[in-house]
Amino acid sequence: MNIFKVGITGASGLIGKKLCAHFVSKGFGVSCLTRNAKNLEKDEKIKIFETDLSSPNLEIIKKFTSDLDILFHLASELKVESKMISTNYLGTKLIVNEIINKKTTIIYMSSIGVFDFSSNKVITESSNKKQSNQYEKTKFQCEQYLFKLQREGRIKFIILRPSIILDYDMKSKIIDKLISLSKNRIKINVPRAIISNFVLAENVITALIKLSQNKKAIGQSFNISSDIPLSDFLKLIRKILEKKWYLPISMNNFLSLIKLKSYLTKMRNLKPVVSFFSNTCSISNQKIESYFDTKINSDYLKFLTIYIQQKK
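It should be emphasised that the depicted structure is a prediction, and the values quoted were computed from it without experimental measurement. (Residues numbered from 1 in each chain as written. Predicted model: local features only at pLDDT ≥ 70, side-chain atom pairs only at ≥ 80, totals over all residues. Heavy atoms only, no water.)

S.K.: For empty space enclosed by the protein, give the residues involved together with the corresponding values.
M.R.: Unoccupied space between atoms shows up once a probe the size of one water molecule is rolled over them. Scanning all chains against the criterion turns up one cavity of 30 Å³ or more. Space inside the largest cavity adds up to approximately 30 Å³. Residue composition of the lining of the largest cavity, grouped by class: five nonpolar, no polar and two charged. (1 Å grid on protein atoms, 1.4 Å probe; cavity = no way out; pocket = protein on both sides within 12 Å on 5 of 7 lines; lining within 4 Å. Points joined across faces, edges and corners; volume = space filled by probe spheres on them. Nonpolar A, V, L, I, M, F, W, Y, C, P; charged D, E, K, R; others polar.)

Below, the structure written as structure tokens:
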């Protein structure tokens, strides 16, 4: 009997671990690529391949990619900028080159950050693209390579671009900072127009699974987000914390304090922080929802309640 074979890179990450568990539970053949096998629980149903995409072992890549039906490529370098090109772009090219002209469909997890948030009010799959940092640039380079190979008829792919992913088990500096502000009784008067582009990990995992089952999605790219006004998100935090009083501060004064702190502490890159607190772009789910015939919804009250309880 032929067993459907699934490959997952970045298998020790939050999304990768949950994808592994799903496909193992369905009886699929699962192969995982990770830079550190010690970060994966041993399971006789999972084949584990260990190599670091910043300096990969080609023979291991060949063995990992052989005879896969679906390949979820989730691995990427988020923190060390000097490794981003070698890991995110060159490492991806190496993997992709091994499945050229084969039956394998690669599902590539890119980033919503490939788009130009300064020139678009609503981000759709056809919006202008412009990247603000090295990480996003490497993601865009990978997308360009996949589209090039598709035009040449040499590969089958699906691209998913999530916004900022949140999960109970994931450390989130921005969420921790927002909670800390409320714990310290600071209430930022955020204009209603400021949007937080968040999405829960469970929505991303569901999307990856559903896309892998939809042949019409092959050759397509999809955005996914569950936007919420930042003012509403902060209200949820305050509701959970139940503080009796808060010190109000205007958004302009708050941003001025951030810039002052940046100057005094010699913070190198203030742009992501300022961008987060001034973003007015929303992300359209119209395309991905039309393929799923369902809405992308996130229960942020439930998420924040559990997240805050776990931090105590």
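S.K.: So what about the sheet that holds strand E5 (residues 105-109)? Which residues, and what values?
M.R.: The strand order across the open sheet formed by seven strands is E3-E2-E1-E4-E5-E7-E12, and the pairing between neighbours is parallel. Of all strands in the sheet, those bounded by a partner on one side alone are strand E3 (46-50) and strand E12 (221-224). Here the average twist between neighbouring strands, direction ignored, is 15 degrees. Looking at chain direction, strand E1 (residues 5-9) and strand E2 (residues 29-34) are connected through five bridges and run parallel. Residue pairing for E2: Ile 8 is matched across the bridge by Cys 32. Its contacts with the sheet place helix H2 (residues 58-65) against E1, E2, E3 and strand E4 (70-73), and it is angled at close to 155 degrees to E2. Contacts from helix H3 (residues 84-98) reach E1, E2, E4 and E5, with the element oriented near 180 degrees to E4. (Pairing = 2+ DSSP bridges. Helix = DSSP H or I, 4+ residues; strand = E, 2+ residues; numbered from the N terminus. Axes fitted to C-alpha atoms, helices over the stretch in contact; angles between N-to-C directions. Contact = heavy atoms within 4.5 Å.)

S.K.: Describe the environment of Ile 296, listing the residues and the values that go with them.
M.R.: If you trace the backbone, Ile 296 turns up in the loop between helix H10 (286-292) and helix H11 (300-311). Ile 296 sits 161 residues away from Tyr 135 along the chain, and the two C-alpha atoms are 26 Å apart. Here Ile 296 is in contact with Asn 203, Ile 224, Ser 225, Ser 226, Asn 285, Ile 288 and Glu 289, once residues within four sequence places are set aside.

S.K.: How would you sum up the packing of helix H7 (residues 230-241) against H11? Please name residues and give values.
M.R.: Relative orientation of the contacting elements H7 and H11 amounts to 50 degrees, with a least axis distance of 10 Å. Classified by the interaxial angle, the pair formed by H7 and H11 is oblique. Between H7 and H11 lies a crossing of right-handed hand. Contact with H7, carried on its side by Phe 233, Leu 236, Ile 237, Lys 239, Ile 240 and Leu 241, involves Tyr 300, Leu 301, Leu 304, Thr 305 and Ile 308 of H11 and no other residues of that element. Among the residues making up the contact of H7 with H11, the classes are represented as nine nonpolar, one polar and one charged. (Parallel < 35°, antiparallel > 145°, perpendicular 65-115°, else oblique. Left-handed = near helix turned anticlockwise from the far one by under 90°.)

S.K.: Outline the packing of aromatic side chains, supporting the account with residue identities and numerical values.
M.R.: Enumeration over the complete set of coordinates arrives at 14 aromatic pairs. Seen in terms of ring centroids, Phe 4 and Phe 28 are 5.4 Å apart; in terms of plane orientation they differ by 50 degrees. Their pairing is tilted. Of this pair, Phe 4 sits in the segment before E1 while Phe 28 is found in the loop between helix H1 (14-25) and E2, placing the two residues 24 residues apart along the sequence. Using a relative accessible area of 36% as the deciding quantity, one classes Phe 4 as partly exposed. By relative accessible area, which is 30% here, Phe 28 ends up partly exposed. Consider the rings of Phe 147 and Phe 157, whose centres lie 5.0 Å apart with planes at 85 degrees: the pair is edge-to-face. (Phe/Tyr/Trp six-rings, centres within 6.5 Å; stacked < 30°, edge-to-face > 60°. Buried < 20%, exposed > 50% of the residue type's maximum accessible area, 1.4 Å probe, protein only.)

S.K.: How would you explain the pattern of salt bridges if you had to name every residue and give the values?
M.R.: Between side chains of opposite charge, pairing is possible as soon as their charged atoms come close. Taken as a whole and assessed by the stated rule, the structure comprises 11 salt bridges. A salt bridge links Glu 152 to Lys 148; the nearest nitrogen and oxygen atoms lie 2.9 Å apart. Given a relative accessible area of 39%, Glu 152 falls into the partly exposed group. The partly exposed category is assigned to Lys 148, whose relative accessible area is 36%. For Asp 232, the salt bridge is made with Arg 192, and the minimal N-O distance between the two is 2.5 Å. A residue pair is termed long-range when its members are at least 10 positions apart, and Asp 232 in helix H7 and Arg 192 in the loop between strand E9 (186-189) and strand E10 (195-196) qualify at 40 residues. Under the relative-accessibility criterion, Arg 192 is labelled exposed at 52%. (Salt bridge = Lys/Arg side-chain N within 4 Å of Asp/Glu carboxyl O.)

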